[in-house]
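# Examining the three-dimensional arrangement
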Amino acid sequence: MINKLNILIGTIIFVCFSSLVSADELDIKAKSLEVDKDNRIITAEGNVLVSDIKNNMIVSDKIKYNKEKNILNTFGKTEILTSENFKVESENIIYDNNKKIVSSNNQTRIIDKDGNIISVTMFNYILEKNMFVSSGEIKITDKKNNEYYFTEIYIDEKKRKIVGTDIKAFLNDGSFKYDPRNEPRFFANSAIISKDETIFNKAVFTACKNREDDKCPPWMIRAKEIKHNAARKTIFYDSAVLKIYDFPIFYFPKFFHPDPTVKRQSGFLMPRFTDNSSVGFSTSIPYYWAISDDKDMTITPKIYTGENILVKNEYRQAFQNSFLIVDTSYTEGYEKTTTKKTSGSRNHIFGNFRHNFLEEDNIYSDIEINLQHVSNDTYLKVHDIDTELVSSDQDILTNEVKFQYQDNEEYFGLMATAYEDLNKIDNSKYEYVLPNLVYERNLISNDKVGIIDLYTNAIAKNFKVNQTTKFLVNNIGWKSKSFGNASGLQSNFEGLLKVVTYEAENADNYKTDGFQAETFGAISYNTSLPMFKNIEDKNKINLLTPKFSVRYAPGHMRNISDEDLRLNYSNLFEINKNSQLDVIDSGTSAAIGLELSNLDFSNNKTGEENYSLFIGQVYNLESNFDMPSQSSLDQRVSDLVGKASIKFNENFSLKNEFALDHNFNDINYNDLKASFLLGNAKFNLGYLEENNHVGNSSYLKSDLKLEINKYNNLSFDLKKNLETDSTEFYNFAYNYVNDCLRAGLVYRREFYTDRDVESSDTLMFNISLFPFGKVNLPTIDR
């Protein structure tokens, strides 16, 4: 209506009683006018426009102006445009030109210059102060769809400020929600809302979903004052108490955190509590420092009650096409030393840097640098240090520089690596690999010849203090195109040529009299006969595939009988079954296998496996005692190896990987896994057994997960050595998760000992309040 104020239909009448003209006279324009001179009343109808000396404008279809009382009444729908460009939509307005108040007792909408909507059941507008006053049911909906409810409100147009009492603010803006179920809200005795800041007095804040029957939320922060600074995008709390299910947990004299629109801002993160029988009770309180847009740091002091403090630091920096992480920690050491708990400070420094030179659809090139150092071999385990780069159970440290390039046709890698085995105490713990150059390329790929690939590796190693090897190895691998016949037999040929040049010094099982040049080769013929049968259920089929492979590798091979190698079905038909760079299994052999499976295509186009059995065995023409006895490939007849699985129903399945002695009397290897799902409980059981030439161990491992309901779950896992009848560890954990809170309690009993690592009991408690528990990395894409 207001945007049509300048278009007046019909005659425009300017009304002014010249004998009574004053500085605060109202200007009335309308289509028609009726004047009652006796009672000094003007009645105007049709596109009525009333304006005052402050440029406040009123638009209505009908008004009545009592000149004697200096009061104007509107009838029906009325709009007001104030001098400060606030728009009012109401009915039956009263303009008291003596008191300078505009009022209405009808439902009214007030729209400010930013588009925020204030809905009230009555209002008074004080003209001299440019201020709205209202009481009753008051609702403000801002342009982000947040809702504020008051019982009394004052709106200052000039200062752009709102003061209200008994406020309930519901933040519907998605940026405030970590979970779609969140209902973030502020409740306060009073509030002051302006463009730059919002202040809640005697207030409560929570992000949790509103619970039925007025139950307390999972967490809330109650404070004397809560202030949101819009410019700094930070929420400040004064005399704040954190309550978990209405139970006070922490008191903060001062506390602040970024508002949810901020991805990264400095501040304290959620604490973690740990009680360990070796080093005692500790509290970790991380501080997140957003240094700039491209770098940040997390500083975590771990405060022990009976040991010296430990300080961890994680520094992260993003560059254009690069990312750097530096992870460090330091402690002065044990407060009280013993024969095992030796004196001296402890520290670690880990680093990772990666740079992408080129990254396209089918081409990439990058360089990666890893740095790992600890001042004490057991330091990470004792203090249970786990970060993005560090694992507390880490036994091997790797320091490495690695460059890679790959496209559709070739791969090139250049590496230099130093390893440190923390389980060893002498200099044999170190191994150096420098350089390690790898080049791979597809030479031929066509239907006539098949596939021919080149693999080149130039590598030098220093290990076991004074043993050195230098290798240049070229492999040419060939796979022919598969061919078949009318009976369904599928066959192909495979070949491998290995040219090795090496120099060794003090190395076992190598020639040490200068440079050596050796050539090895192997060729194999592989064939299979895939058969299938549809069963009564058309969505299920049985597959049966006999497989046969014969290979010939002339000449000798280096003795690798001390190496780790286990024969399984995955490598049964490989042309070269060992993992050594310079060796091809020598001799003539045949591998025979059988694959049986049942597939269900009811819910999956690729088929879901109901059961399967894959078994096979290797037959050598002669014994080969250069091969590891652990693999059974040193014998003329190998172990019978295989794997099997069966899915009884959606709740129960078994998987098994096994190796039977060639006489079928002994089980040399047995890895059995069972999975049960009973209602809300999931139980996994694993049994591992190694006998005879494969090993001498027997373990039982199990875990149980119980979903009590959608909020609560329990888990328990253990590992037991059946050979020694001893439990190595067991864990018990309870987790509670809802839309705004995650709390966890973990108890761990570990029987492992190593120097100052003692068998220990550990109790950990951590809690995360959403959205406070989330940390974002620097903004440049990694």
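In case you missed it, the structure is sitting above this.
Okay, so let's go over this structure. (Residues numbered from 1 in each chain as written. Predicted model: local features only at pLDDT ≥ 70, side-chain atom pairs only at ≥ 80, totals over all residues. Heavy atoms only, no water.)

Each pair of aromatic rings is reported with the distance of its centres and the angle of its planes. This structure, assessed with the given rule, holds 31 aromatic pairs. Judged by centre distance (4.6 Å) and plane angle (10 degrees), the rings of phenylalanine 652 and phenylalanine 676 are stacked. Of this pair, phenylalanine 652 sits in strand β42 (residues 652–660) while phenylalanine 676 sits in strand β43 (residues 667–678), placing them 24 residues apart in sequence. By relative accessible area, phenylalanine 652 is classed as partly exposed at 25%. Cluster of aromatic residues (ring-pair linked, three or more members): Tyr237, Phe250, Phe252, Phe255, Phe273, Phe281 and Phe765. Over the aromatic face of phenylalanine 75 sits the side chain of lysine 62, whose NZ or CZ is 5.3 Å from the ring centroid. A cation sits over an aromatic face here: lysine 547 above phenylalanine 573, 4.8 Å from the ring centre. (Phe/Tyr/Trp six-rings, centres within 6.5 Å; stacked < 30°, edge-to-face > 60°. Helix = DSSP H or I, 4+ residues; strand = E, 2+ residues; numbered from the N terminus. Buried < 20%, exposed > 50% of the residue type's maximum accessible area, 1.4 Å probe, protein only. Lys NZ or Arg CZ within 6 Å of the ring centre and 35° of its normal.)

Right, let's get into the layout of surface pockets. Where empty space is left becomes clear once a probe the size of a water molecule has been rolled over the atoms. Roughly 960 Å³ of volume is contained in the largest pocket. Lining the largest pocket are 35 residues; nearest its centre among them are Asp142, Tyr148, Ser194, Lys195 and Thr198. Where the lining of the largest pocket is concerned, the elements lending two or more residues are β13 (147–156), β14 (161–170), β15 (185–194) and β16 (197–206). Here the lining of the largest pocket is built from residues that sort into 15 nonpolar, 6 polar and 14 charged. (1 Å grid on protein atoms, 1.4 Å probe; cavity = no way out; pocket = protein on both sides within 12 Å on 5 of 7 lines; lining within 4 Å. Points joined across faces, edges and corners; volume = space filled by probe spheres on them. Nonpolar A, V, L, I, M, F, W, Y, C, P; charged D, E, K, R; others polar.)

A few words on the side chain of asparagine 66. Note that asparagine 66 resides in strand β4 (residues 57–66). Only 3.0 Å separates the side chain of asparagine 66 from the backbone nitrogen of lysine 69, close enough to count as a polar contact. The contact partners of asparagine 66, leaving out residues within four places of it in the chain, are Asn39, Arg40, Ile41 and Ile71. (Polar contact = N/O pair within 3.5 Å; in protein donor to acceptor, adjacent residues only side chain to side chain. Contact = heavy atoms within 4.5 Å.)

In this section: the state of the cysteines. Going through the model one piece at a time under the given rule, you end up with 1 disulfide. For the unlinked cysteine cysteine 216, the closest cysteine sulfur is that of cysteine 208, found at 9.7 Å. (Disulfide = S-S within 2.5 Å.)

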